[in-house]
Amino acid sequence: MTAEHSHRFALTGHEPEGRNRTIILWQEAELVDGIVQRWVIVTLDATMNTATILTRPDAVEVAQAILAATT
């Protein structure tokens, strides 16, 4: 059972070798034993073989690290 709609975001860029890469991330929520559990899922090139599932605090930490790397 999904407790809320998923939100998907996509970032597309290029490797130094010129290959396109797309990172897709979205939030999912499920009702587990009466408690809403939320995760952020990140994939590279839209393959579940590359999926990383993060807790919301982990996702915030990753986002802050990406932001810090850009400054």
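Parameters and conventions
- Residues numbered from 1 in each chain as written.
- Predicted model: local features only at pLDDT ≥ 70, side-chain atom pairs only at ≥ 80, totals over all residues.
- Heavy atoms only, no water.
- Helix = DSSP H or I, 4+ residues; strand = E, 2+ residues; numbered from the N terminus.
- Rg over C-alpha atoms; globule rule 2.2 N^0.38 Å.
- Buried < 20%, exposed > 50% of the residue type's maximum accessible area, 1.4 Å probe, protein only.
- Contact = heavy atoms within 4.5 Å.
- Areas by Shrake-Rupley, 256 points an atom, 1.4 Å probe, with all protein chains shown as cover.
- Lys, Arg positive; Asp, Glu negative; His and termini not counted.
- Charge placed at Lys NZ, Arg CZ, Asp CG, Glu CD.
- Pairing = 2+ DSSP bridges.
- Axes fitted to C-alpha atoms, helices over the stretch in contact; angles between N-to-C directions.

A tally of helices and strands in the protein yields one helix and four strands. Going residue by residue from the N terminus, the α and β elements of the protein occur as β-β-β-β-α. Taken over C-alpha atoms, the radius of gyration comes to 14 Å for the protein, far larger than the 11 Å a tight globule of 71 residues would show. Taken along the three principal axes of its C-alpha coordinates, the protein extends 50 × 25 × 20 Å. Counting the 71 residues in the protein, one finds 13% classified as buried. Sequence separation of 24 or more characterises 14% of the internal contacts of the protein that already satisfy a separation of 6 or more. Roughly 5,500 Å² of accessible area belongs to the protein as shown, and the carbon and sulfur atoms make up 58% of that amount. Counting 5 positive and 9 negative side-chain charges, the protein places the averaged centre of each group 5 Å from the other.

Right, let's get into the sheet that holds strand 2 (residues 20-32). Across the sheet, four strands lie side by side as 1-2-3-4; this open sheet has antiparallel pairing. Looking at which strands have only one partner, the edges of the open sheet turn out to be strand 1 (7-14) and strand 4 (47-55). Strand-to-strand twist across the sheet, computed as the mean angle between neighbouring axes with direction ignored, equals 25°. Here strand 3 (residues 35-44) pairs with strand 4 via five bridges, running antiparallel. Bridge assignment links L44 to a residue of strand 4, and that residue is T47. Its contacts with the sheet place helix 1 (residues 56-69) against strand 2, strand 3 and strand 4, and it is angled at close to 105° to strand 4.

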